[in-house]
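Here is what each chain is made of, one letter per residue.
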Amino acid sequence: MASLSEILIIRGQLPITSIDTAAAGSDADEDQIRGLVAQGVLSESQVASARAAQLNLPFVDLTEYPVDHSAVSLVPIGLLRRHNILPIGRDGDRLLLAMADPQDVLALDDIRAAVRISVRPVVAERQDLMNAIARFVRADGELNDLTSAIQEETGETSTDLAVQEVEDDAPIVRFVNLLISQAIQDHASDIHIEPAEHDMHVRYRIDGVLHEMQRAPKSIQNGVISRLKIMSDIDIAERRKPQDGRLSVMHGGRKIDLRVATLPTVYGEKVVMRILDNSATQLGIQQMAMLDHNLDRFKKSYSKPYGMILVTGPTGSGKSTTLYTTLNEVAKPEINVITVEDPVEYRLPGINQVQVNVKAGLTFASALRSILRSDPDVVLLGEIRDKETAQIAIEASLTGHLVLSTLHTNDAPSAVTRLIEMDIEPFLVGSALDCVVAQRLARRLCDKCKQPYHHGAEELAALGFGYDPRMGMPTLFRPVGCQHCSNTGYRGRMALHEVMSVSEDIERLAVQRASSADIGRVAVGQGMATLRQDGWAKALLGMTSIEEILRVVA
């Protein structure tokens, strides 16, 4: 039998000088291969494919292979996790088993004994296999087992387990930990725990869409909610009014923060947890999916030493991520950056962050007034909510500070009229405001399964889809669905942007108290791309679909 290194050399994936041929065919050969993988000379996928050829077995790419869910369900979850094996389908009367080490005889014997049919191993790359097991062998079975255990401990009564369930291995603790870790693993942005009349629902928001993940008996509701309140440092005795808190968990070696909010409903307290992944704040400005003309306008604004930049959009449209990414670009050791937020979502090193505390009298306005006496160069204001805050922010931008903030408006031109409606003098708005970025989040097409097609010319014209007829009909893409994207056709999200630079003409319109429609017409005439136009451009690039743009942009 040829050694792994010999197969890799024959395939041209490994220079013969990289291997000590005297070690070929021995355990030392495996050690050499592992060393070359660690150095980046070889990929895990190349080694797995060579191992399959060495053993005369098929190699499967689990990121694309259509795994059969009925095959997965044949083997107990504990057995799959113990041996790192995934059933992926059938070959006649044999069960196909994806394995990183197909020579693991003990694992094969255990699976044969469990399913009582013959099995056939196939080779998969180890990390792909681990990801596939995490994706297909979900924690649902363990959650159901824990639900039963909790019911046995508590009976059918809705007792408060806040005091009882404090040990790390207690069923309630493990149940809550599993819910959170599964949500992080599924790249969810929010976890909704919702009491109903007869049970409790758990839903995850993934790529902006809610998916029901779990239903649990009503009897464990109070225990789960009390456990979350304890973790978030929330008053467990108060059930009549909304409360806010924060908790941190370790997942995959990373610290993940969660913002927790409770809301009393007729069937008990609803809990919503926003998962705050700090990796989003470490994005570079180039990774924000801004098209070149928008990025040039935006860079020109935040590179100035003073002025106001507003990011607008509905809740959950990525405004905070855009602000933090911009802050990472402008923050330098030689300048003083201070933020005022409610709450402080992400902790950033080297930046002074102030948490609003209304009960203690620390409002946005009072905090902003105080920090202006702390010699800031750049001020990030979580949100402009009222006239007082807006007035101080505008005055700060006019006195030599760069002010970054958010506002709730539907598009960029509406930000000008919104500030004027707050009773800010129109000439101050025109003078202070330098740039407005409106944004929405759209789902990104799955690169593994998106399908090219040509849309009808009349339909494109009716939508206002701009393209050059001389270049022929544009190639667009639509979602299909595969295992990689959980059959949704989409994987991840990106922002659509509308970047309006405040020119002299727009300043003049602000002083005249012109409507947002008039301001918008002038801005478009000066080169601003609307949210929908930005969406069309990204659809042409194959990043998203026409249907998704129509879903998120009016």
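Rules used in this analysis
Residues numbered from 1 in each chain as written. Predicted model: local features only at pLDDT ≥ 70, side-chain atom pairs only at ≥ 80, totals over all residues. Heavy atoms only, no water. Helix = DSSP H or I, 4+ residues; strand = E, 2+ residues; numbered from the N terminus. Buried < 20%, exposed > 50% of the residue type's maximum accessible area, 1.4 Å probe, protein only. Areas by Shrake-Rupley, 256 points an atom, 1.4 Å probe, with all protein chains shown as cover. UniProt positions renumbered as here; feature names shortened; annotations may be inferred. Pairing = 2+ DSSP bridges. Axes fitted to C-alpha atoms, helices over the stretch in contact; angles between N-to-C directions. Contact = heavy atoms within 4.5 Å. Polar contact = N/O pair within 3.5 Å; in protein donor to acceptor, adjacent residues only side chain to side chain. Core = buried A, V, L, I, M, F, W, Y, C linked by side-chain atoms within 4.5 Å. Phe/Tyr/Trp six-rings, centres within 6.5 Å; stacked < 30°, edge-to-face > 60°. Salt bridge = Lys/Arg side-chain N within 4 Å of Asp/Glu carboxyl O. Parallel < 35°, antiparallel > 145°, perpendicular 65-115°, else oblique. Nonpolar A, V, L, I, M, F, W, Y, C, P; charged D, E, K, R; others polar.

So, about the overall build of the protein chain. When you go through the protein chain residue by residue, the secondary structure sums to 21 helices and 18 strands. Taken across its 554 residues, the protein chain has 49% of its residues classed as buried. Just so you have it, the protein chain exposes about 26000 Å², and 49% of that area is on carbon and sulfur atoms.

Here we come to the UniProt feature "domain: Bacterial type II secretion system protein E" (unreviewed entry) in the protein chain. Mapped onto the present numbering, the UniProt feature "domain: Bacterial type II secretion system protein E" (unreviewed entry) falls at residues 372-386. Between the end C-alpha atoms of residues 372-386 there is a gap of 18 Å, over a span that is 0% helix and 27% strand.

Our next topic: the environment of Ala365. Within the fold, Ala365 resides in helix α13 (residues 364-371). For the pair Ala365 and Thr389, spaced 24 residues apart in sequence, the C-alpha to C-alpha distance is 4.6 Å.

What follows concerns helix α15 (residues 413-421). By the criterion of burial, α15 is predominantly enclosed, with seven of the nine residues buried. Residues Pro413, Ser414, Ala415, Val416, Thr417, Leu419 and Ile420 constitute the buried set of α15. Looking one or two residues beyond α15, the residue adopting positive phi is Asp423, at roughly 75 degrees.

Attention now moves to the sheet that holds strand β5 (residues 199-206). What the six strands build is an open sheet, ordered β6-β5-β4-β9-β8-β7; its pairing is antiparallel. Only two strands of the sheet have a single partner each, and these edge strands are β6 (209-217) and β7 (243-251). Ignoring which end each strand starts from, the neighbouring axes of this sheet average 20 degrees apart. Bridge analysis of β5 against β6 gives eight bridges, and the strand direction is antiparallel. Along β6, the bridge assignment pairs Arg205 with Leu210. Strands in contact with helix α9 (residues 171-185) are β4 (188-195), β5, β6, β7, β8 (254-265) and β9 (268-276); relative to β7, the strand with the most contacts, it is inclined by about 75 degrees. Of the strands in this sheet, β4, β5, β6, β7, β8 and β9 touch helix α10 (residues 221-231), which is tilted by about 45 degrees from β9.

With respect to the element layout, Ala514 can be found in the loop between α18 (504-511) and α19 (516-525). For Ala514, a relative accessible area of 13% translates into the label buried. Counting along the chain gives 97 residues from Ala514 to Thr417, while the straight-line C-alpha distance between them is 7.8 Å.

Right, let's get into the side chain of His455. On the secondary structure map, His455 appears in the loop between β16 (451-453) and α17 (457-463). His455 gets classed as buried once you look at its relative accessible area, which sits at 16%. Side chain to side chain, His455 and Tyr453 meet in a polar contact 3.1 Å long. At 3.4 Å, the side chain of His455 forms a polar contact with the side chain of Glu459. Setting aside chain neighbours within four positions, we find His455 in contact with Leu460, Met473, Leu476 and Ile546.

Moving on: the sheet that holds strand β2 (residues 94-99). With mixed pairing, three strands are arranged side by side in an open sheet as β1-β2-β3. Two strands lie at the open edges of the sheet, namely β1 (85-91) and β3 (119-123), each paired on one side alone. Taken over all neighbouring pairs, the strand axes of this sheet differ in orientation by 30 degrees on average, direction set aside. Two strands pair when backbone bridges link them, and β2 and β3 are joined in this way by five bridges, in the parallel orientation. Each bridged residue has a counterpart across the sheet, and for Leu96 the counterpart in β3 is Arg120.

Right, let's get into the nonpolar core. Counting residues in each nonpolar core, the largest one holds 58 residues, and the members touching the most others are Leu310, Ile384 and Met500. Here Ile384 is in contact with Met308, Leu310, Thr389, Ala390, Ala393, Ser405, Thr406, Leu407 and Met422, once residues within four sequence places are set aside. Judged by nonpolar contacts, the second largest core, of 28 residues, contains Val176, Ile206, Ile234 and Ile275.

Right, let's talk about the packing of aromatic side chains for a bit. Summed over the entire model, instances satisfying the criterion amount to two aromatic pairs. Ring plane angle 75 degrees and centroid distance 5.3 Å describe the contact between Phe298 and Tyr302, whose orientation is recorded as edge-to-face. Linking Phe298 with Tyr302, this pair stays in helix α11 (residues 292-302), spanning four residues, or about one helical turn. Look at Phe298 and you get buried, because its relative accessible area is 0%. Each ring, one from Phe465 and one from Trp536, has its centre 5.2 Å from the other, and the planes form 40 degrees; the classification is tilted.

Our next topic: helix α20 (residues 531-540). The complete set of buried residues in α20 reads Leu531, Asp534, Gly535, Trp536, Lys538 and Ala539. Where the residues of α20 are buried, they touch α11, β15 (433-445), α17, β17 (476-478), β18 (490-501) and α21 (546-552). Downstream of α20 by one or two residues, Gly542 has phi in the positive range, about 80 degrees.

The full count for this structure, using the stated rule, is 20 salt bridges. Here Arg94 ties to Asp91 by a salt bridge, and the two come within 3.1 Å at their closest N and O atoms. Under the relative-accessibility criterion, Arg94 is labelled partly exposed at 31%. Judged by its relative accessible area of 29%, Asp91 is partly exposed. In this structure, a network of salt bridges that share partners links the residues Asp91, Arg94 and Arg120.

Relative orientation of the contacting elements α9 and α10 amounts to 75 degrees, with a least axis distance of 10 Å. With respect to α10, the element α9 is oriented roughly perpendicular. Facing α9, whose interface residues are Ile172, Val173, Phe175, Val176, Asn177 and Ile180, α10 presents Gly223, Val224, Arg227, Leu228 and Met231. In the contact of α9 with α10, the residues fall into eight nonpolar, two polar and one charged.

Look at Asp207: it is not a glycine, yet its phi comes out positive at around 50 degrees. With respect to the helices and strands, Asp207 occurs in the loop between β5 and β6. Note on Asp207: relative accessible area 18%, which makes it buried. With a phi close to 60 degrees, Asp233 is a non-glycine residue in the positive phi region. One can find Asp233 in the loop between α10 and β7. Accessibility expressed as a relative area gives 72% for Asp233, which makes it exposed.

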